[in-house]
Amino acid sequence: MKNTKFVSVHQKLNAKLVDFAGFNMPVQYNSIIAEHMAVRNSIGVFDVSHMGEIRIKGSKALDFVQHITINDASKLFNGRVQYSAMCYPDGGIVDDLLVYKIADDEYFLVVNASNLEKDFNWMNSNNKFDVEIINESDDYSLLAIQGPNSKEVVQALCDKNIDLEYYHFFFANFAGVDALISRTGYTGELGYEVYLKVDEKTAIEIWDKLFDAGKKFNIQPIGLGARDSLRLEMGYCLYGNDIDQTTNPLEAGLGWITKLNKDDFIGKESIQKVKENGLKRKLIALVSNEKAFPRHGYSVCDNNKNIIGTVTSGTSSPVLNKPIAMAYVDINFAKPGSQINFLIRDKIIPAGITSLPFVKK
Amino acid sequence: MNVPNNLKYTKDHEWLKVEGNTGFVGITDFAQSELGDIVFVDIAADVNEISAGNSFGTIEAVKTVSELFAPCDGKVLEINPKLQDEPQLINSDAYGDGWILKIEIANSAQVNELLSDEDYSKLIS
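Criteria and thresholds
Residues numbered from 1 in each chain as written. Chains lettered and ligands numbered in written order. Predicted model: local features only at pLDDT ≥ 70, side-chain atom pairs only at ≥ 80, totals over all residues. Heavy atoms only, no water. Helix = DSSP H or I, 4+ residues; strand = E, 2+ residues; numbered from the N terminus. Buried < 20%, exposed > 50% of the residue type's maximum accessible area, 1.4 Å probe, protein only. Contact = heavy atoms within 4.5 Å. Pairing = 2+ DSSP bridges. Axes fitted to C-alpha atoms, helices over the stretch in contact; angles between N-to-C directions. Domains from an automatic or database assignment. Buried area = accessible area lost by both parts, 1.4 Å probe.

Colleague: Can you tell me about the environment of I308 of chain A, naming the residues and giving the values?
Modeller: All names here are of chain A. Structurally, I308 can be placed in strand β16 (residues 307–317). Classification of I308 by relative accessible area gives buried; the value is 10%. Taking the C-alpha atoms as reference points, I308 and T184, 124 residues apart in sequence, are found 35 Å from one another. Apart from residues lying up to four places away in sequence, I308 is in contact with V300, C301, D302, Y328, V329, D330, F333 and I340.

Colleague: Describe the sheet that holds strand β6 (residues 55–61) of chain B, and please don't skip the residues or the numbers.
Modeller: Residues and elements named next belong to chain B. An order of β4-β6-β7 is seen for the 3 strands of this open sheet, with the pairing classed as antiparallel. At either end of the open sheet lies a strand with only one pairing partner, and these are β4 (38–42) and β7 (65–69). On average, each strand axis in the sheet is inclined to that of its neighbour by 25°, with strand direction left out of account. Relative to β6, β4 runs antiparallel, the two being bridged by 4 bridges. Note on β6: the bridge partner recorded for V41 is I59.

Colleague: Go over the domain arrangement of chain A, please, and point to the residues and values.
Modeller: All names here are of chain A. Examined at the domain level, chain A breaks down into domain 1 (7–49 + 140–233), domain 2 (52–138) and domain 3 (280–354). Look at where the C-alpha atoms of domain 1 and domain 2 centre, and you get two points 24 Å apart. Contact residues are listed per partner, giving 14 residues for domain 1 and 19 residues for domain 2. Carbon and sulfur atoms supply 63% of the area buried between domain 1 and domain 2, which totals about 1,400 Å² over both sides. Of all residues in domain 1, Y140, Y167 and F169 give up the largest surface area on contact with domain 2, accounting jointly for 50% of the area buried on that side.

Written out as structure tokens, the structure reads:
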């Protein structure tokens, strides 16, 4: 199992460490709910160094990125980030990712740790543009600093004015080292992600400086457990839960990143057909007033216990204090505002179809 | 881990406190710590009896769900009413305010077969 550069910090903090995508990762330090609320109300820090980083270089770098992703990367300029996805020819999703434009001939792709090898192979097998595809994942540490007080804390350690717009980035000195800093995150809060190429000793020094700078806001380390509940409150998809090779971006609610009017890209024809024929099922948002909450894989049913769909992500929302879930359901039952049910331990638990995000910002 | 010596334990991490014929049932400090934040205790409101080793409900933590097993046969006298709105009492006070069931013990021979604090401490070490 791999360790991030921060593993000794996690151990010292008594984090519960689990194997996640081959990495020894903190799932919680003390309480998932307390960590969740720290990010919503003040500031929290996630070690997400397990994420994969792949650099694309070459005169046809844009052509390559356009070919393998579904969003329109030609809209990017240097310093701009885009949420996107890669699809198979049948429209199934290879992975979702962030695309950073570094220069006309250079893009930086950030992918899910669990998909890194698959993505890297996929990119190489579709490299008809003779670009360089460089897996730099082992070189990078990544800290996500998230919450309403994140700006002030990041600013205290950064030599540049941190007035970044959402999904923009720059290179700056952060806590004494060169870093790529983007205003991105997976929480729905104001937040930043800081990419660092440092050794273990320097990584730990940066962590300590960050926690010193955030002391007055009671800055907290946040594990993967709260990362999951935070993203679910916002309705952000998680690969392996809500999207995978069997789901297409339209039924997953990712039509907004699917640019069918751009030139040919892998999966375009199939997705076009899905659009023409209409969706058969759809990823919907469900909220309930009961206490029992569903988890990944639980069924969704009508009032007669006929199965009409499957929960992809579910939890008890720490902010709403109610069960929330995302589920694929038969399109005939997917009407906003209508009542359907979770099937939990063979009991019918009523839930209503609502709109995302669950927690309005 | 806190393992009080005045309680009996199951290998499934429930505790039983005996007061004459009456018993209180909960989950151990070790169990709550392993489960993490508890958000729901699901016990059928009409449950009248429990029988040793059988499930009488489920306990939901943020990351996982776990069955609750009866330490002995008994008649259910009360389900801790506070847990409906404050399931986190199990995290904060597993042996006190976080009790789950109050029962009338039907078979005291079964109680003697439960684990002592020493045996339970060995189990979780």
